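Take a look at the letters that make up each chain.
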Amino acid sequence: MERWSLREVEAVARERLDPAHYDYFAGGAGDEVTVRANEAAFGRLALLPRVLRGAGKLETGVRLLDSRAAVPVLVAPTAFHLLADPEGERATARAAAAAETIMIVSMASTVAVEDVAAAAPGAELWFQLYVQPDLAFTETLVRRAEAAGCKALVVTVDSPALGLRDRELRHGFHDLPGGLRCENLRDGDRVRPIVMWPELSWEHLGTLREMTSLPIVLKGVTHPADARLAAGHGAAAIMVSNHGGRQLDTVPATIDLLPDIVAEVGDALPVLLDGGVRRGTDVLKALALGAAAVAVGRPVLWGLAAGGERGVARVLALLRAEVENALALCGCASVDELGPALVRRPC
Ligand SMILES: Cc1cc2nc3c(=O)[nH]c(=O)nc-3n(C[C@H](O)[C@H](O)[C@H](O)COP(=O)(O)O)c2cc1C
Ligand SMILES: O=C(O)C(=O)c1ccccc1
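All residue numbers here refer to positions counted from 1 along the written sequence of the relevant chain. The order in which chains are written sets their letters, starting at A; the order in which ligands are written sets their numbers, starting at 1. In keeping with the model being predicted, local features are shown solely for residues with a pLDDT of at least 70 and side-chain atom pairs are shown and tallied solely at 80 or more, while totals for entire chains, interfaces and linings include all residues.

Some details on the overall build of the protein
Move 1: Under the DSSP-based scheme used, a helix requires at least four consecutive residues in state H or I and a strand at least two consecutive residues in state E, with every element numbered from the N terminus. Secondary structure summary: the protein contains 12 helices and 14 strands in total.
Move 2: Taking 20 Å as the expected radius of gyration for a compact globule of 347 residues, we find that the protein reaches 19 Å, a close match to that expectation.
Move 3: With respect to the principal axes defined by its C-alpha atoms, the protein has extents near 65 × 45 × 40 Å.
Move 4: Our exposure labels follow a C-beta count within 10 Å of each residue's own C-beta, placed from the backbone: buried means 20 or more other C-beta atoms, exposed means 12 or fewer, and partly exposed covers the counts in between. Among the 347 residues that make up the protein, the fraction classed as buried is 52%. As a reference, a globule follows 2.2 Å times the number of residues to the power 0.38, and the radius of gyration itself is taken over C-alpha atoms.

Set out below in structure tokens:
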């Protein structure tokens, strides 16, 4: 995997994947305005480094809730890893464990969360949940995630309906091929379909908090007023996310939403961000603007499709090396030293 940037890894993945599966991974809702905006907005921000700071040895580690990550780059929850590699989520988890970062296991994983955990001893796992209207079934999922050792529950809140993704519709990509299943949804002899629940509301957060002592991260917050509500309803953290542009199209880029959200709740809880992070400099910009860490979705899938566990390891190593290099060049010894003065707009 001698690939020197995430872009090269994506090119290899694209060659290897079935075009319908590539489009499932790469695509977004509508005209993909938001997909493009996430990456483009990072490009519009400039970094303004400081010099002669004698920063010395670098520290990239962060503590998040009850977990630690050696690099502030988490694996975002993405579905269907067996489409990309025969080891699927097992390979992803092993690479995340080796990189000492946190993997957020998708509820729509094609390997059951117990098997993901067993495949990667020592992995820091969080579990992503789409709250199902059958709350008793939701509770069994939560119990399974707890028993598998997951340290946080990441509740996705941007999906009262699934986004309309033209590329998936064009390919007719609706069902998993060849015996692949969402193994977390197995219920006796059958596999339940995942329900996007339009009635999910703030009051259910109370129900979830009673259900588990795991910290709850709300993923998919974009409005500062919702960030405030999340803090008021006992969320342990929020993740500023537009689902990588796969849900509502034309939502702004997450990096452009971050400052207002940090101003609103930055003192109350950790703010995470995903969407369009492709370079170490993107990571620095997000942290400088107040994110506690970022997560990457598609880059991990490209690594997995290009080279399995080694491919994901390569993606995480590239990002780590780029974060370390950018930190050094900004004159910072650790991510704690990053602040908004480092970021200028426009380029
Ligand atoms: C193929 C794919 C599947 C995804 N599946 C899920 C999922 O099951 N649950 C979820 O909360 N988010 C899911 N997401 C959204 C990611 O968690 C994340 O928000 C997004 O990918 C971040 O943007 P990026 O791909 O530009 O890094 C998925 C994203 C992709 C690309
Ligand atoms: O594709 C997605 O973005 C996603 O979140 C999802 C939702 C349900 C099943 C599989 C993936």
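On we go.
Here's the deal with the site of ligand 2
Move 1: In this analysis, residues qualify as near a molecule or strand once their C-beta atom, positioned from backbone atoms, comes within 6 Å of it. All residues in the neighbourhood of ligand 2 are listed as Ala-79, Ala-108, Ile-194, His-243 and Arg-246.
Move 2: Across the shell around ligand 2, the residue classes tally to three nonpolar, one polar and one charged. Just so you know the grouping, Ala, Val, Leu, Ile, Met, Phe, Trp, Tyr, Cys and Pro go in nonpolar, Asp, Glu, Lys and Arg go in charged, and all remaining residues, Gly too, go in polar.

A short note on the UniProt feature "binding site: glyoxylate" (unreviewed entry) in the protein
Move 1: UniProt positions are given in the numbering used here, feature names are shortened, and annotations may be inferred rather than shown by experiment. The sites that carry the UniProt feature "binding site: glyoxylate" (unreviewed entry) are, in the present numbering, Tyr-24, Arg-165, His-243 and Arg-246. Spatially, the listed residues are clustered: although they cover 223 residues, their C-alpha atoms lie within 13.3 Å of one another.
Move 2: Take His-243: it is sitting in the loop between β11 (237-240) and α10 (254-265).
Move 3: With respect to the secondary-structure elements, Arg-246 resides in the loop between β11 and α10.
Move 4: Of the residues examined, Arg-246 has 24 C-beta atoms within 10 Å and is grouped as buried.
Move 5: What counts as a contact is two residues whose backbone-derived C-beta atoms lie within 7 Å of each other. Filtering out sequence-adjacent residues up to four positions away, Arg-246 remains in contact with Gly-28, Ala-29, Gly-163 and Arg-165.

A closer look at helix α2 (residues 19-26)
Move 1: Listed in full, the buried residues belonging to α2 are Tyr-22, Tyr-24 and Phe-25. With its buried residues spanning 160° around the axis, α2 presents them on a single face.
Move 2: At its buried positions, α2 is contacted by α1 (6-16), α7 (166-171) and α12 (298-329). As used here, the arc is the angular range of directions from the helix axis to the C-beta atoms.

Focus: the nonpolar core
Soluble, globular proteins show a tendency: their nonpolar side chains are buried together.
Move 1: Ranked by internal contacts, the top residues of the largest apolar core, which has 112 residues, are Ile-238, Val-271 and Ala-291.
Move 2: Considering every element that reaches this core, the biggest residue donor is α12, with 15 residues.
Move 3: Once residues within four sequence positions are removed from consideration, Val-271 is found in contact with Ile-238, Val-240, Ile-261, Val-262, Val-265, Gly-266, Gly-290, Ala-291 and Ala-292. Buried Ala, Val, Leu, Ile, Met, Phe, Trp, Tyr and Cys residues whose C-beta atoms connect them within 7 Å together make up a nonpolar core.

Describing the packing of helix α9 (residues 224-232) against α10
Move 1: Axis lines are fitted through C-alpha atoms, for helices just across the contact stretch, and the angle between N-to-C directions can take any value from 0 to 180 degrees. Interaxial distance between α9 and α10 falls to 9 Å at its minimum, and their mutual angle equals 35°. Where α9 crosses over α10, the handedness of that crossing is right-handed. Here Pro-224, Ala-227, Arg-228 and Ala-231 of α9 lie close against α10, whose contacting residues are Asp-260, Ile-261, Glu-264 and Val-265.
Move 2: Per-class residue counts for the contact of α9 with α10 are five nonpolar, no polar and three charged. With the far helix as reference, a near helix turned anticlockwise by less than a right angle produces a left-handed crossing, and one turned clockwise produces a right-handed crossing.

A few points about the site of ligand 1
Move 1: Taken together, the neighbourhood of ligand 1 is formed by 23 residues, with Ala-76, Thr-156, Gly-244, Gly-297 and Arg-298 sitting nearest.
Move 2: Residue composition of the shell around ligand 1, grouped by class: eight nonpolar, 11 polar and four charged.

Observations concerning the environment of Met-239
Move 1: Counting through the fold element by element, Met-239 comes out in strand β11.
Move 2: Residue classification places Met-239 among the buried residues on the basis of 33 C-beta atoms within 10 Å.
Move 3: For the pair Met-239 and Arg-310, spaced 71 residues apart in sequence, the C-alpha separation works out to 27 Å.

Notes on α10
Move 1: Each residue after the first adds 1.5 Å to the expected span of a helix. Between its first and last C-alpha, α10 extends 16 Å over 12 residues, near the 16 Å set by a 1.5 Å rise per residue.
Move 2: For α10, the complete set of buried residues consists of Thr-254, Ile-255, Leu-257, Leu-258, Ile-261, Val-262 and Val-265. All buried residues of α10 lie within an arc of 135° about the axis, which places them on one face of the element.
Move 3: Each element contacted by the buried residues of α10 is listed here: α3 (33-44), α9, β11, β12 (271-274) and α11 (280-288).

Overview of the environment of Gly-56
Move 1: Assignment of secondary structure puts Gly-56 in the loop between β1 (46-47) and β2 (62-64).
Move 2: For the pair formed by Gly-56 and Ala-236, sequence separation is 180 residues and the distance between their alpha carbons is 33 Å.

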